Structure formats: structure tokens, C-alpha cells
Amino acid sequence: MWQMRGIRRGIGFAVTLAIGACSKNDILTPDLPDFVFPEDLEDVTGGTAVYAGAVSDLVVAMTGSSGVVLYSGLFTDELFNGSRDWDIRNVSPDNSRLEEGSSPVLLLHRARNSFEIAARKYASIFPANDPRIGEMWALAGMTYIVFGENWCSGMPFSDRSVEPPVYGGPTTTAVMFQTALERLTTAATLTGGNARITNLVAVLRGRALLNAGQFAEAAQAVANVPTNFSYDFLHANPPARQLNHIYLQNQREEYSVPNREGVNGLDFVTAADRRVPVSTPRPSASDGVTPQVFFLKYTSAADPVSMVNGIEARLIQAEAALRASDLAGWLGRLNEARGTVAGLAPLTDPGSATARVDLMFRERAFSLFLTGHRLGDLRRLVRQYGRSAESVYPVGPYHKGGVQYGQQVTLQVPKIEENNPSFHPGDCKVTTP
Amino acid sequence: MSRFPTATHAVQKTVARRVRHALPRLGLGLALLAIPGTVRAQALALAERGPRFLVGSVGERGGPIEIDASSSVVLRRVVSLRLAHATVGRLLEAISRQTGLRFFYSRDLVAPDRPVTLQADSITVASALVAILMDSGVDVMLSRSSRVALVKRPAPPPVDTGTVVGRVTDRRAGTGLVGATVWIDGTSRSATTDADGRYHLGGVAPGSYTVRARRIGYAYQRLDVMVVANQQTAADFALAISTTQLDSLVTTVTGERLRREVGHSVGRIEATQLVETAPVTSLTDLLTGRVGGVTVLSSGGTSGQGPRVRIRGLNSFSLPNEPLLYVDGVLVGGDAGVGSTFYWGFGRVSKLNDLNPEEIESIEIVKGPSAATLYGTQAANGVIRVTTKRGQAGAPLWRLWTEGGVLDDPATYPKLYFSQATGTDPNAECQLALQSLGACQVARLHTLDLLNADSTRPFTLGFRSQLGASIAGGTPLIRFFASAETELETGPIKLPDVEADFLRRERGTATLPGEQLRSNHFNKHSFRLNLAASPRHNIDASFSSGFVVNNIRFPQMANNAGGFIQNALAGSAKPAAYVARGGWGISRPADFVGTVTYRKTDHLINSGTINWRPVSWLGTRGTFGLDYLVFADDQNTLRGQGCRNCLREGFSTIDRDGFRTVDRTTNVIYTADVGATAQFGLTKRITSKTAAGVQYTHNNLNRVTASATQLPPGTLTLSAGTNKLLSEFTRDVITLGSYVEQQLGLDDRLFVTGALRIDENSSFGRNNRAAYYPKVSGSWVASDAGSGILSSLRFRAALGVSGITPAPQTARTLFSAVTATLPGGNVPGVTLGGLGDANLKPERSREIELGLDAGLFGGRLNAELTFYDRRATDALVARTLPYSLGGVRTRLENIGTLLNRGLEVSLSARVIERRALTWDVQLEASGNRNRLVSLGAGIPPGVGTGTRNQPGYPLFGLWERTVDSYSDANGDGIITPSEIAVSNDPVFLGSSLPTRSLTLNTSVSLFRSRLRVGAQLDYRGGHRTFDQNNLRPCQSGSCRELNDPSASLEDQANALAAVVLDVYGPYVENAEHIRFRELSLSYAASEGFAKLLRARSLNVTLSARNVALWTFGFKSWDPDNNMLAQDNTNLNFATQAQPVIGILRLTLTY
């Protein structure tokens, strides 16, 4: 009898197991609180999180420790010391700063993809007239502008909004600005009447048009932007993600503000211009050789950076006026921009076309110091004003180490991109402005 | 049960069964067990013949209940019965008169006129009724109203089974063997012998059977018996000592099997004797050099560090190569992916060393997929099965042990050199190459010997101690093993005397904290309780619980801005450097010892197993377990202490303003394993075993890391910090597997097994919900004669598949959480994360294993030869994604192929066997050829630090550019960079793992085994290591090669190539070596001497570990070291040599 009971018990046990097996989907569901899955982001709350993350990515891409501002600053005459390869314009495509997890290329593409995916997805989910949709299209456009200004003609743009992802092929500089304008055109219709976003779209549009050589259209785009408008990239400490590394790295003496770097560089230190407040040079603790100059505009790692503003709008208008030979308008707009900083004397006409262009770009350099504009401007000097690269980029012997400045005029596409089947090493033209 | 005689007389057959019924009737309870055998048997027989005492009624639901007579007030009452011509009826009336009880009965049943002889003055009612109703077939039913019914006793259930009982003895000594296993072929019946060697196998259906008995170290024996219903059948075994392995048991997923039945090799380590006689301080010491194909790779000699274990080479380059660890059938975690978040001072801590060797009975190594198929998705790297000790029935056996030992750092370290240029500045430098180029002239050569000179050497004697006790014993019903141990070890690292003086002066105190003077220490406390019960003849249950508390304090070590060896190698002999930092590099010991690092571990491993054999042909089992591991990595620096220059020189983001990091990890693994095995004799010659089961494992890991900087003076709390950071990480992997296995045996010589496991895993992609792992194996025993030149011969073959689970989040597209700063403040955000692969599946490894086992000269020489070929297809490769996609850098895809092929030879021999002298030799040899076959289309070679994964070469092979040639063109005895020719591209220089190993274990026993001398010599070869120890001083310009003109031209060229041309090939050195790993002298004192301590036995062992090291072309101190103990980073740098350890150990048994 007991044997029969045992068998019955065994069968019961097996049935219990079988029932357990039927609900195995529950059994096999792991606890993964660290990650957010697409299905968690289907509503406004999710969209807000995607929006916030993308904005954060863009801020880190621009002002982070390996951000565009610092590395394009090193590449030009805005910063020196630090990473020598960048400083002397001889960056290898497998340079660690390009390939690390905080690579500005990676972060810019991440922000771009996030903005484009989110702007499309949440257009119908966010409340009507929510300006964040327009803002995301605008900032997506800004990523194309930043790529177009700083990176070589040939940068690919892949799209991970579809499955499987579409690998992009090489894109010319002109197409990058054109794509930016398309995004900004969309953005202009979705600002919800929000003045801040409307002005953001306008200045970015003017910037893209300026890069595309459409000066009059650029001036027209920014005409209504007030001079005191500012779209700031925000920082905080803590958390550690969005730190103002322009301040931090400078304070750590990893970078210094140069003075007339490489023959053609501007006199950022000796000019004593209030737009670029700097400290008195002293030997750098990092090497004992480089004059260490601190940029005193920021006082903490939490200070915001005005990345898009009305001053740039006036500068765009000024340049368009110069291109149109409207010297009064040109000087007026320049002085209007200078008027935002107390103690700056009004400018007068230097008298020659060359000097006017020099003054125009000097004003841009000081007004937009360490905002990621300088490399785009140097390239425009070559591309739109016929200057030679040797006359605008730092050249000659580097200040230490016995090396010379290189020939590159744009930033590189990281070697990692060669894993993109549509991209090939020769697609990135680093000596073409 | 075995207390009863094993006679076969029919009357005595069912005594054991009846005892359970008889005892309560007599009110004697378990006390009867204390009565001597003959008296007890009589009492039992008496009880069987008397009435049962019942309460309730026949008609009641559930029927009447039998009670213990002693528990009834009525039945305990005393009566006086002295009647002439007494009959049953008259006696019952007398009781009724004296007690008021009223008896009701049928005359046909009770026969009241039957005469009874009973004269008693003071007898309990119960005893009187037993005497009156003896042999009447009547039970006594009590009611609440003093009425007593005498009812007919129901017929006992038919007994249709028999019993096999007997004793297992040592053939030579005649003494009983405890712990021998006796089982009946073709059934699930098995038993373990008690302390006297006796066993009892009940519930055996009538018929003819083959009964087997075995014990480790003895040849198994079988007897044919005929089992008769209701009878006991005796089967006594006398086992002969043998070294043959064919009939030893191995543990498989489906239960224990004879080795002859399984088609793959299984390495087995008997821990008990090794622990007593060899210098074993950890479980990994037990593993080292005992089983071919198992490579234990040291990360360094720091106390508390743990090695890596690799079985049959490297099998994966994207996933961990750690074997699985099972303890008493329960999966144990703790290694892969959960290393410390900081490595200030150590490479890794191994979960293996959470287990106390004293608690371990045996270790089995399941080497690869051919054997590990049924372990499923995580088992491709092999499985280590640890079985802890169990108690045996018998008197409690106490063991006490204590040991004391010393540790010493055996290394000789390089000096620092400084070439002072001519002139007045004593710090002006003029290295050889500069002198050769005419830039300067050397005036004087300074040297500094920080790591060897007495005053600055950071090493002294370390010490260790151990104290423990265990008790084992029990009854046939329940057995137990309990142990407790405490172990302390202080490593050889110390704060150098000069630095201690400096620190005392700086702090203005005579006393310094102990953790800064001796920064390497651990104390480990381990506890274990194992219980085993056999409540019924067909049910066994066991429970084991082990708990360890291990607090390790790590020194500043390895590639660490504040590290003893690193700072000595990066120092300078320049006079100014000596003044500034005592000659040390970035930071001096007096500063960096202010940072104290701890790993605190609490590890609880629980396992419960139930074996139930409902019918003779079916055995079921269930194992349930919980592995609960909590470890905390703490790193503390008081304000004003710690590395002084690290921040300024860019080696850290924190300064001497106080910081604390707390890193708490909890890893919980639940295991459930339920299965059944049915076995039949299909014919007289063919046997069948069919097994099926379900396994479930849930591995959850959670880590919380918090840190704070800018602490007020004197505090070390997170809350006091000005800047705080917090992060959390969770990993969760669930596996549900089911399997079926069929084995057929022919004549006990040929066994063929086929099996299939199906796994579902939470980490698989949604398009690959299940993985299938088949296996097939065969074993043919060509000879098992047990004598003659070829005493046994077996051929075996196995083909199996298993896998490695991908990381949990890699199959899914996901976002990562970030904190974004927007207008209005910080808000939660998400950013594009992994681009998942819906087709992701486990890495699949297929292994073919072929082998033979031979016993020669009557089993005195045993040889095992095994060839394996393992191919991992669908290997997970981290495909690098282009940055234009955004997201993360890589995505795992199943696109690679790996190959491991090798040969393993195991020889064990008793070379001499005399009464006074025995000499045993064990040789374990293995060779492995590891190749990355393919990486998948478009995947570039994976480049690590000093390693590379390139198709056609070994995984994590060492690749560097090399010096092709050099010549001293100007003949000045100095090489300059222009006189060196180097390769343009990195070239393959060698495997990072040994490709061949040979271990000799030998022991000689003298004076009737009272004195035993044991030794282990361990050879490893065929591999290289990136030796940065001699390179680092060159990178600081302080090595001999760059400064001393007497350095060879080759050394000068190599150093210059590294420093000037970034060519490191010459520093990838031959790591081949022989290590005299163990030497021991063990003495078993005479019984008389032991009795002086009132002990049963006394054993004294004097042993040493890492006695000597011979290298072949390796230039620094220990070729085994790997700074981070990682496969993809082969850096032999700034880590301590494995220390020489001397131990004196005392073991007493009571």
C-alpha cells in the first residue's frame, strides 16, 4: 500500500512541477533595475526622461572632459598644453580621446539619435504646443552644425531609430549644414510659441546658414533675436555627469589659455579683453614649462556656459553686413554685441578689407571664446574668405618638445567608425576645410 | 537496525519491523535500546505477543490510536492479583474490582475460562493485561467512561519483502569499515556502513540480486544473494585495498555513478588526508597540481589574494572563463564579474577560498562539456564539485587541530641607478645613450636598493595560525558533522623602518596604527554543521550549512599610485629624489599606507537534499540550496594622510583631504534540482538507468557603491564627507533546465549513455528562448581482472555540448539612466544604451573526449590517458559598433569560433609496498593547444593590454613589437636608439597561459606509516608573461640598462627600444618554471603517546610551501604573477612573489 501511496505522491509532485514549468515565463523574468527598456518610455514621463538624457548628452559632448569645446579649443588657438597630438593638429583616428567611452563623437551621435528618435516618437504624446519637440529638433540640428564645423567632410550619420539600424555613408560638410537646416525648419514649426526655443532655432539657423555661405539669409534668420537672449548649457556639481570641464580642466592645469599660439593665434592673454578674463601667466605645475593661464570667466564646475545667444545673432548680422559691404551696419552690429560687456570701447573701421575680416573674426573669437565656434571660423576663413590654412591655424614649432604643428584642419572620424560597413578610412578629408 | 544478529532464522526476520510497534506497548520507549542484546530481543518478542492499548473506537473516523501504556493513568494503576486457579475471566474481574474498570469482550474471542498463571502483589494494570492476554490475538480498547473493550487484533499487513544485512570489513585487518557503500544492482537500494561496518538494506522484493560494496581505497566486491520474503539475507564483504579507480564513485547531475559507467574522465581530490599532511592553507592549494588540465593561476603572493582557475585552457574571450562551483550540490557564486571596483592593492579574492579545506571530504573536477553537458548553459568552463564531510554512525569522533607558521618574501628586487653628469649639479643626469651621443659625460653612478636594503625593505616575516575543532558521529537514524575554525595570517609586508620613523616624526607620535605598520592581514572564521538522516529505509535526507567570515586587509600593491613595489620601481637614485621622497616614486610608503583597504566577506552556503526511493526500481532526489554572499570593499583615508602627490601628478582625483569608499555587494543564488532515476535489469545481461530532472538557478547580484571626499579630521564616515557619490548595480540571471539521460549497461562492462539538456535562460535573446545540449558517451571495461600485469583496462569516449550564458542585459536594446541638469535642477534622464541582439544565444562548446584507464601490476600502477577536442562555436564576440550609431561601444554577437585541444596523462603508482616502507608517486601531465579560429566577418583582432585575440593564434596571446637587431656601430660599448632595428608591427610572442604542465606528487611512508614524507614539484611551460618589473625602472630612467656601462649590449638595446621606441617585445619573457611547491614531514605518534594527551591519535606535520623556484629566461621574481588576474590583461607587475611558508601542525583525535 505504501508503495502505491508513494507513487501517487510522486505523480502529484510531478504535476506540481509541470504546473511550475507552465508559468516559466514568470520564473525566467530577471530583476534588471539598472536598465530602462523601450517599453518603459511610452508615455510623457518616458519622453521627458529621453529628452533630459539627450540634452545631457549634448552638454557633456560639448563641455565635458573630452568635449568639443576643449578639444577643438586645443586644435585651434583657444587652448594649449594638455594632449599634444590635438594641440599640434596631428590626431590619429585611433587617438584615445576619440575612441574612449566619453568620446565627443560618440556623445554627439548619441544625442543626435536620441533627439531625432524622441522628437518623432513624442510629437503625438507630448501635450500640444509643448516646446520640447521643437527644442529637440533644434538641438538635433545643432549636432549637425557642430559636426559640420569641427569634423571632416565625410562624417557618417547612422540611424538607430529603425531595426536593424541603418549605417550611414560619408556625408559632406555642405550636406551636414543642409541637414541641420532641415531639422531647424521642422523645429521652427514646433516651438509652441516659446520665445526661448524660437530664439534658439533662429540663432542655430543663422549659424547653419552662415556656414553654408548664405549670409543674407543668416542675418534674416537671427534678426528678431534679442541681444540679451542666451540658451545656456547647464552644469551642476553634484552630480558628476554635467560638470563644467572648461573650468575644471583649466583649474587642474591640464590646459592653459595661449597667447598668439603658433604665430597665427590671437592674443587672448595680452589683449586684456574683458570677454576673455585671464590670470597672470606662471609656470604650469604639469610640466614647469608652459605658461599657465587660467580662464576666469567661470568660478566653479557648476557654472553654466552660454552656448547659443543673442550676441552670436548680432555677430551673424555683422558678418552679413560686411559681406554686403554695409560697413556702418557691420560696425553697428559689432558694437551692439560688444555693448553687452561693460568697459569695451566701440570699434572703428580698420580701413581695409583684410583688416575688417580679421576684426570680424577676432570679435567672434573673443565673444564666442570657448563655445566651440573657433574651429568652424578658421575653416570658414579658408573656405569662404580665401585665406590659406597656414595663415589662420597655429603653425611652426610647438612651444615644447621640439615638434612642429601638423597639417590637419579638421577633427578626425574615430577609427572605430571603420566598423561601419558604409564608411572607409579615406572618406574623412582632414586637410579639406 | 544493525544491532540485531544477522541470523536467517524465520522467527527473527521481522524483529526490526515489530520493534516500532512493541516498544510503546511495553511503555519502555527508546530506553529499551540500552538493554543488552539477548534481554532486549526477549523483551521485544514479549511485546510482540501481548495486546496493543488503543483509544477511540473502530467506528471513529481515522480508527483507534495506539498509545504508550505508560502514558495512561488507568493503565499505570497498581493491582494485586493472587488467585488460585486463575482464569482470564477471573483475573479481569479482579482488576475490575480493584480499579472500577469494566471489561467488555466476546467469549469466543477472549476465552475467559482459559487458565492463566499470574501471581503478583503490585503490578500495573498494563502489565497484568499483557500477561493475561498474551498470545490471545486481542487488543485493549480504552474509553473515557472506564469501559474497556477487548477487541480482535487486525491481521498484520502482508510482508512481501526481505532484507539484506551484513558487515563490510578490511580483508587484511578484519576490522569493520565505516562509510562503505553497499547497494543492490538494478535497484535504488543502497546503504552506508556504520562505525562497525554494518549495514541494513530493507524492503527488497524477493528474488536474486547482485549486491556490491565499495569504499574509497578498496577494490569493490560483489556477492550474489537470494532474497526471500519476510527473511533476512546475510551478505558480508571483506574488501581488499586497491588503487584501481574503476569502481570508485563519481558524482554526476543524475546521481552517483561508478567510474566504470561514465565515458569521461573526472578528476578527484581526496581532501582529508592532504589537509593533514600537506602544506594546504586554502582550497586552491588543494587544487594546485593534483588534477591534469586544471591550472591554478596566481595573481600574486599577498595574503588573502586568490588565484584564477582554468580548466583545459581558455574557452571564451568575452565572457568569464571561471569554472562553476558546486558545494554539496548547490551552485556557489562570487567570482565572475564581481571583482572589486578598485584594485588598490590586490588583484582578486577567490570564492574558492571561502571554503575551509578542513570541512571538505572530496573535490571532483568535471573538466569540460563532454562531462558537464547536464550542468547546462553555464558549464562550458568545467565544474568544480565540492563535497563536505559527513558524520558516520558511531561514537562521536573529535578532531582538534592547530598550526602555526611563518611567511617570507623570497624575491630579490632590482636596484635603481642614476648616472650623475660631470659638473657641479649632483642631480644633473647623463644616461649612457646621451653620453654616447656626446651630450654629457658620466661622473658617478649612484644606486639605491629600496626593496632589498634592510632599512627600506618593506618585507619581514609574516605569520599565520590556525585553530579548529570538529566532531562527527551519530546513529543510523541521524548523523552529524560540525566544525569551527579560526585562521589568522599577517603577510610579510611592513612599513619600512625608515618610513615608520619618518611618519612618527611627521605626526609627532611614538605609536602608529597597526594597520599602517602591517597593512596585510586576514582573519577568517568558518563554521559548518552537516546533518544526515535516514528516517526510513527508503528515505535519506541531508542538510549542510557552512558559514565563513573573512576580513582581509590589503596592502597598497600592484600598479597603484600608492603601491610599495610600484613606487620602489618608479623611484630614483637621484640625490634630490632621496631627499624629497626617500627615493620612492610618486609617493613614499609613509604617505600611502594612510590609505587602508579592506575586503570583508560573509558567506553562507546552505544545502538540503532528500533522496526518496518509493519503489525498488525508482530513486528520486531533490536538492535545494541557498548561497548567500555579502562582501564589502572599504577604502579609507583620514584627512591629512594618503598619497601626497597623486592628485598633482594626475594619478588620482582625490587628495589628502580624507576619503572613504564603501562598496557593498550581495550575491544570492537559489538552486533547486529535482530528479528521478529509474533502473531496471532489462535482461540478465543488460541493465538500464533512465534519469530525468529539472534544475533551476537564480543568481542575483546587487552592488551599492558610495564614496565621500573632503572629510573632517578624525572621521571616516560617508555622511561626514563634503562630496558624495552613490551608484548601484544589479545583475540577475535565471536558468531553468530540464534533462533526460538514458544509460544501458551490458555485462557490467559496456556502458552507453545518451542525454539531452534543454535550457531556458533570462539572458537569451527573444528569438532564442531555449538551448539544447546533447551528449553521448561510452565506456568499455576490457579487463577488470584485478590481478596480473594488466589488472584492468577501460576505454572511454564522450561527446557533449554545453554553454556559457551571455551577460544579462546584452540581448536587449535598452537605455541607461543618467542624471540630467536642466533649468530648474537635476532631473532623471535616460540615454541610449546597448543595441541588443534578439538572436543572442549562449556560447556553445562541443567537446570530444577519448581516453583509456589501465591498471597494471595488480593495481599498483594506474594510468589514465585522455585526449580532448573542444570547439566553441557561436562564441560571443563584442562587435565594436561605429560611433555614428550612438549607444554603447560594443554589442555581443555569436560570431566567433575557438578551439582547445589537449592531452592529459595521469599516472599513480605504489612503487614500494612493504610493511615498513611504502612509496607512492602520482604524476599529472597535460598539454593544451588553444586557438582562436575565427572572429566573424569584419571583426578586427581584439587588443588588450599586452594581449591580442587574433584568428590563428591563442586566445589572449601576447603580441608586441620586437627588437630585430642592434649593433654597437661606434664600438663604444653603448647602444643608442639609432643602433637598434625594430619590427614595425606587433608579432606573436607566446601564449599567456601555460600550454604544458607536469606535476609530480610523491610520498614515502616509513615505520609502518608512522612517518610520511611528501613533496610536490610543479612544472609549467609553453607560455610567456609581460614582465614589467624590470621595465618600470627604465621608464623612469633609473634602470641599470640605461645607466651602467657594464650592462650588456642586448639589455641596453631592449631598454632603449622600450623607453624610446615603445617596443616592448623583449619584456615579454619566457614564463616556464619549476616550482618546488610542497614539502612535508608528517609523524603519527604511537597510541601510547597519544594517550598521554588522552587522545586516540596524534599527528604532527612540519611542512613548507613554495620552497624553491627555477625559471628559464624570466628576469624578475615570479613568473606566475598576473597583476589583475585577468585573462585579457597579462601584466606581471609590482605584485608580491608567492611567499615561502613554513607550517607546524598538530592534529589530535578523540
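Each value, and the rule that gives it
- Residues numbered from 1 in each chain as written.
- Chains lettered and ligands numbered in written order.
- Predicted model: local features only at pLDDT ≥ 70, side-chain atom pairs only at ≥ 80, totals over all residues.
- Heavy atoms only, no water.
- Helix = DSSP H or I, 4+ residues; strand = E, 2+ residues; numbered from the N terminus.
- Buried < 20%, exposed > 50% of the residue type's maximum accessible area, 1.4 Å probe, protein only.
- Contact = heavy atoms within 4.5 Å.
- Areas by Shrake-Rupley, 256 points an atom, 1.4 Å probe, with all protein chains shown as cover.
- Lys, Arg positive; Asp, Glu negative; His and termini not counted.
- Charge placed at Lys NZ, Arg CZ, Asp CG, Glu CD.
- Pairing = 2+ DSSP bridges.
- Axes fitted to C-alpha atoms, helices over the stretch in contact; angles between N-to-C directions.
- Expected span 1.5 Å × (residues − 1).
- Salt bridge = Lys/Arg side-chain N within 4 Å of Asp/Glu carboxyl O.
- Polar contact = N/O pair within 3.5 Å; in protein donor to acceptor, adjacent residues only side chain to side chain.
- Buried area = accessible area lost by both parts, 1.4 Å probe.
- pLDDT = per-residue confidence, 0-100.
- Left-handed = near helix turned anticlockwise from the far one by under 90°.
- Nonpolar A, V, L, I, M, F, W, Y, C, P; charged D, E, K, R; others polar.
- Disulfide = S-S within 2.5 Å.

1. Thoughts on the overall build of chain B
- Each helix and strand in chain B was counted, giving 19 helices and 59 strands.
- Split into buried and exposed, the 1150 residues of chain B put 57% on the buried side.
- In chain B, 70% of the contacts between residues at least 6 apart in sequence involve partners at least 24 apart.
- Surface exposure of chain B reaches about 44100 Å², of which carbon and sulfur atoms provide 57%.
- Across chain B, the centroid of the 120 positively charged side chains sits 9 Å from that of the 98 negatively charged ones.

2. Examining the overall build of chain A
- Counting its secondary structure elements, chain A contains 17 helices and seven strands.
- Across its three principal directions, the C-alpha atoms of chain A cover 115 × 50 × 40 Å.
- Per-residue burial over chain A gives 57% buried out of 433 residues.
- Residue pairs in contact within chain A that sit at least 24 positions apart in sequence constitute 70% of those at least 6 positions apart.
- Carbon together with sulfur atoms contributes 55% to the accessible area of chain A, which is approximately 16200 Å² in total.
- Positive and negative charge centroids in chain A, built from 39 and 43 side chains respectively, lie 1 Å apart.

3. What to know about the sheet that holds strand β22 (residues 330-332) of chain B
Residue and element names in this part refer to chain B.
- Taking strand neighbours across the sheet as the criterion, the five strands line up as β18-β23-β24-β21-β22 in an open arrangement whose pairing is mixed. Unpaired on one side and paired on the other, β18 (266-270) and β22 mark the two borders of the sheet. The mean inter-strand angle of the sheet, taken between neighbouring strand axes irrespective of direction, is 25 degrees.
- Note: strand β21 (residues 324-327) against strand β24 (residues 383-388), four bridges, orientation parallel. Along β24, the bridge assignment pairs Val327 with Val386.

4. Some words on helix α8 (residues 131-150) of chain A
- Here α8(A) contains 20 residues, and its C-alpha end-to-end distance of 28 Å stays within 8% of the 28 Å for a straight helix at 1.5 Å per residue.
- With 19 of 20 residues buried, α8(A) lies mostly within the body of the structure.

5. So, helix α6 (residues 125-132) of chain B
- In terms of burial, α6(B) is largely enclosed, as six of its eight residues are buried.
- Those residues of α6(B) lying buried are Val125(B), Ala126(B), Ala128(B), Leu129(B), Val130(B) and Ile132(B).

6. Points about the side chain of Arg385(B)
All names here are of chain B.
- With respect to the helices and strands, Arg385 occurs in strand β24.
- Buried Arg385, no salt bridge; nearest opposite-charge side chain is Glu364, N-O distance 4.8 Å.
- In terms of polar contacts, Arg385 uses its side chain to reach the side chain of Tyr375, at 2.8 Å.
- Once residues lying within four places of it in the same chain are set aside, the contact partners of Arg385 are Thr251, Thr252, Tyr326, Gly329, Ser362, Ile363, Glu364 and Tyr375.

7. Side note on the environment of Gly990(B)
Residue and element names in this part refer to chain B.
- When you line up the elements, Gly990 lands in strand β51 (residues 987-990).
- Gly990 gets classed as buried once you look at its relative accessible area, which sits at 10%.
- Along the chain, Gly990 and Leu958 lie 32 residues apart, while their C-alpha atoms are 5.4 Å from each other.
- With residues near it in sequence (within four places) discarded, Gly990 still touches Gly957, Leu958 and Arg1024.

8. Observations concerning the interface of chain A and chain B
- Tallying the contact residues gives 66 residues for chain A and 57 residues for chain B.
- The contact between chain A and chain B buries some 5200 Å² in all, and 65% of this surface belongs to carbon and sulfur atoms.
- At the boundary of chain A with chain B, the tally comes to one salt bridge.
- Connecting chain A to chain B are 13 residue pairs in polar contact (both at pLDDT 80 or more).
- When residues of the side of chain A that touches chain B are traced back to their parent elements, those giving at least two are α1 (2-22), α2 (24-27), β1 (35-36), α3 (44-63), α6 (96-99) and α7 (104-121) of chain A.
- For the side of chain A that touches chain B, the element with the most residues is α3(A), which contributes nine residues.
- Alignment of β1(A) against strand β40 (residues 815-822) of chain B, held across two bridges, turns out to be antiparallel. Bridged to Phe35(A) within β40(B) is Ser816(B).

9. What about the confidence of the model for chain B?
Residue and element names in this part refer to chain B.
- A residue-level look at chain B finds 92% of positions with pLDDT of 70 or above and a mean pLDDT of 86.
- Across residues 1-45 the pLDDT falls below 50, and counting only partners more than four positions away or on other chains, this stretch makes 60 contacts in the model.
- Predicted confidence is poor over residues 58-62, with pLDDT under 50, and the contacts of this stretch with residues over four places away or in other chains come to three contacts.
- Two summary scores accompany this predicted model of the complex, namely pTM at 0.79 and ipTM at 0.92.

10. A look at the packing of helix α11 (residues 215-222) of chain A against helix α13 (residues 310-323) of chain A
Residues and elements named next belong to chain A.
- Where α11 contacts α13, the two axes come as close as 8 Å, and the packing angle between them is 145 degrees. As α11 packs across α13, the resulting crossing turns out to be left-handed. On α13, the residues touching Phe215, Ala216, Ala218, Ala219 and Val222 of α11 are Ala313, Arg314, Ile316, Gln317, Glu319, Ala320 and Arg323.
- Of the residues assigned to the contact of α11 with α13, the class counts are eight nonpolar, one polar and three charged.

11. Here's the deal with the state of the cysteines
All names here are of chain B.
- A full pass over the atoms with the stated rule returns three disulfides over all chains.
- The disulfide that involves Cys430 links it to Cys440, with 1.9 Å between the sulfurs. Across the S-S bond linking Cys430 and Cys440, the dihedral sits near 90 degrees, which makes this disulfide right-handed. Here Cys430 is found in the loop between β26 (416-421) and α10 (432-436), whereas its partner Cys440 is found in the loop between α10 and β27 (442-448), with ten residues between them in sequence. Side by side, Cys430 and Cys440 carry an identical accessibility label, which is buried.
- Shown here is the disulfide that connects Cys1034 with Cys1039, its sulfur atoms set 2.1 Å apart.

12. Some words on the pairing of strand β39 (residues 790-804) of chain B
All names here are of chain B.
- With eleven of 15 residues buried, β39 lies mostly within the body of the structure.
- Sheet analysis places strand β38 (residues 770-783) next to β39, joined by eight bridges and oriented antiparallel. Looking at the pairing, Val776 lines up with Leu799 of β39.
- Count of turn residues in the β38/β39 antiparallel hairpin: six residues, of which Gly786 carries a positive phi of about 85 degrees.
- As paired elements, β39 and strand β42 (residues 843-856) share 14 bridges and run antiparallel to each other. Its bridge partner being in β42, Ala797 is matched across the sheet by Leu850.

13. Observations concerning unusual backbone geometry
- Notably, Ala272(A) is not glycine yet its phi reads approximately 50 degrees, a positive angle.
- For Ala272(A), a relative accessible area of 64% translates into the label exposed.
- Even without glycine at this site, Ala1134(B) takes up a positive phi of about 55 degrees.
- Residue placement: Ala1134(B) occurs in the loop between β58 (1131-1132) and β59 (1140-1149).

14. Details of the sheet that holds β40(B)
- Across the sheet, which stays open at both edges, the three strands sit in the order β1(A)-β40(B)-β41(B) with antiparallel pairing between neighbours. In the strand order of this sheet, the two ends are held by β1 of chain A together with β41 (825-832) of chain B, each with one partner.
- In this structure, β40(B) lies alongside β41(B), joined through eight bridges in antiparallel fashion. Residue Thr821(B) lies in a different strand from β41(B), and its bridge partner there is Asn826(B).
- Running over the sheet, α3(A) touches β40 and β41 of chain B and is turned about 90 degrees from β41(B).

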